[in-house]
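Spelled out from the first residue to the last, the chains are:
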Amino acid sequence: MKKYDFAFIVHARSRQELVRSSFFFRFVPNFLLYLFSPRVVGDVVLEQANQRLRGALVGIVNVPAQFLKRDQKIKKKILSAISLAQKQGARIVGLGSLSSPAVSGGLDIQEVSPIAITNGNALTAAVVIQDVRRVAGMFQKKNKKAHIAIIGATGSIGQAVSRALAGYADSLAIIARKKERLDTLAGDIRVQRPQLALAVSTQVSDATTCTIVIVATSHHETILHPEDVKEGTVIYDITQPSNLRQSDWVSRGDILVMQGGLVHFPGLHVSRITGLDDGESFACLAETILLRVSGKESEHFSVGYVTAGNIGTIEKMAHQFGVVSLIKQWNRVLDWSEIHTFIKRYA
């Protein structure tokens, strides 16, 4: 039996992906998926600085909609996955993809989890802030306003990104489903930046006038469509599973879609089921690895909302191990020179 140093929870990003993983599931209705126990479906290996750490990808056999019900059944599956990781020797578990919002970013299970957990959102937020600041700066250097919209602004990542980018945007639109949470966030931002042009909305359509749109919602279905955005817009998507369908966007050459929330991690070897190449990682997975390799795996880290303190801590760890931002477009690595060319053309 393999022994692992850390673990990361994964799941199929759609019903179709689940069936592709095993034709057997074609005959299993969704309500029966709860009967299948989590299992190790792949490995992650880090070889760096005279260390070799092995991580388990623990798969939960449920579809995205079942995670977002946030009920006791999915909570039990997640705890079962964590227990399996512990039995395999893992000291910390990352809550990947929708397993994090399913348990309120870990808040619902932190008291009963047998080992440390992290939702990985601190490094994800750090990468988003860094990338979008750079994009905003490119617009501003061309004397064009950086009007930023954040869809999913009240989520764990969204609220941290909203607060951080308020100091760099020419205007900011925070968009989410729950008005009360939006009003609370807006109040905090107005104290921080009283002169900022701030829009508060529950409608995705209010992102149409923005030049940069960040998609940070945990919703598993498409909520942003090509007709919702104008020519020259940069979309920065961090959703997993992605909230954008490639087939909807490829015909819009006047819109740049960036897949963010990714990093380059030297010495990392990942299983093919992640859809990533060696040296590439989701920021949430990288956070889990960084905590383990830094010896910070004895207690929970990112649980619930992201804090500025955790962002600063994980950024230091990332710098120490050479972890830097990585951007893709439909699974192709996107160079910053291409982003600059796009903005130059439409600014």
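Residues numbered from 1 in each chain as written. Predicted model: local features only at pLDDT ≥ 70, side-chain atom pairs only at ≥ 80, totals over all residues. Heavy atoms only, no water.

## A short note on helix α6 (residues 179–192)
When the terminal C-alpha atoms of α6 are compared, their 20 Å separation across 14 residues agrees well with the 20 Å that a helix rising 1.5 Å per residue should span. Here α6 has its buried residues at Leu182, Leu185, Ala186 and Ile189. Around the axis of α6, the buried residues are gathered within 105° of arc, so they sit on the same side. Residues Glu180, Thr184 and Val191 are exposed on α6 and point more than 90 degrees away from its buried face. On the buried face of α6, the contacting elements are α5 (156–165), β7 (171–175) and β8 (197–201). (Helix = DSSP H or I, 4+ residues; strand = E, 2+ residues; numbered from the N terminus. Expected span 1.5 Å × (residues − 1). Buried < 20%, exposed > 50% of the residue type's maximum accessible area, 1.4 Å probe, protein only. Arc of directions from axis to C-beta. Contact = heavy atoms within 4.5 Å.)

## Section: the packing of aromatic side chains
Overall, the coordinates contain five aromatic pairs when judged by the stated rule. Centroid distance Phe23 to Phe27: 5.6 Å. Interplanar angle 80°. Geometry classified as edge-to-face. For Phe27, a relative accessible area of 61% puts it in the exposed group. An aromatic cluster is present here, built from Phe24, Phe25 and Phe36 joined pairwise through their rings. The residue whose ring lies beneath Lys73 is Tyr34, and the NZ or CZ to ring-centre distance is 4.3 Å. The cationic tip of Arg134 hangs over the ring face of Trp336; the distance from NZ or CZ to the ring centre is 4.2 Å. (Phe/Tyr/Trp six-rings, centres within 6.5 Å; stacked < 30°, edge-to-face > 60°. Lys NZ or Arg CZ within 6 Å of the ring centre and 35° of its normal.)

## Topic: a positive patch on the surface
Where like charges cluster on the molecular surface, the positive patch consists of Arg70, Arg177, Lys178 and Arg181. The class of Arg181 is partly exposed, set by a relative accessible area of 44%. (Patch = residues over 30% accessible without salt bridge, like charges linked within 9 Å, V, L, I, M, F, W, Y side chains within 5 Å. Areas by Shrake-Rupley, 256 points an atom, 1.4 Å probe, with all protein chains shown as cover. Salt bridge = Lys/Arg side-chain N within 4 Å of Asp/Glu carboxyl O. Lys, Arg positive; Asp, Glu negative; His and termini not counted. Charge placed at Lys NZ, Arg CZ, Asp CG, Glu CD.)

## Topic: the packing of α5 against α6
Where α5 meets α6, the closest approach of the two axes is 10 Å, and the angle between their N-to-C directions is 20°. Of the possible angle classes, the one that applies to α5 and α6 is roughly parallel. The two elements α5 and α6 cross, and the hand of that crossing is right-handed. Within the contact between the two elements, α5 uses Gln159, Ser162 and Arg163 and α6 uses Leu185, Asp188, Ile189 and Gln192. Split by residue class, the contact of α5 with α6 holds two nonpolar, three polar and two charged. (Axes fitted to C-alpha atoms, helices over the stretch in contact; angles between N-to-C directions. Parallel < 35°, antiparallel > 145°, perpendicular 65-115°, else oblique. Left-handed = near helix turned anticlockwise from the far one by under 90°. Nonpolar A, V, L, I, M, F, W, Y, C, P; charged D, E, K, R; others polar.)

## Topic: the sheet that holds strand β2 (residues 39–48)
Ordered in space as β5-β4-β1-β3-β2-β12, the six strands form an open sheet in which the pairing is mixed. The strands lining the two open edges of the sheet, one partner per strand, are β5 (116–118) and β12 (268–270). Strand-to-strand, the axes of this sheet are offset by a mean angle of 25°, without reference to chain direction. The pairing of β2 with β12 spans three bridges and is antiparallel. Of the residues in β12, the one forming a bridge with Val44 is Val270. (Pairing = 2+ DSSP bridges.)

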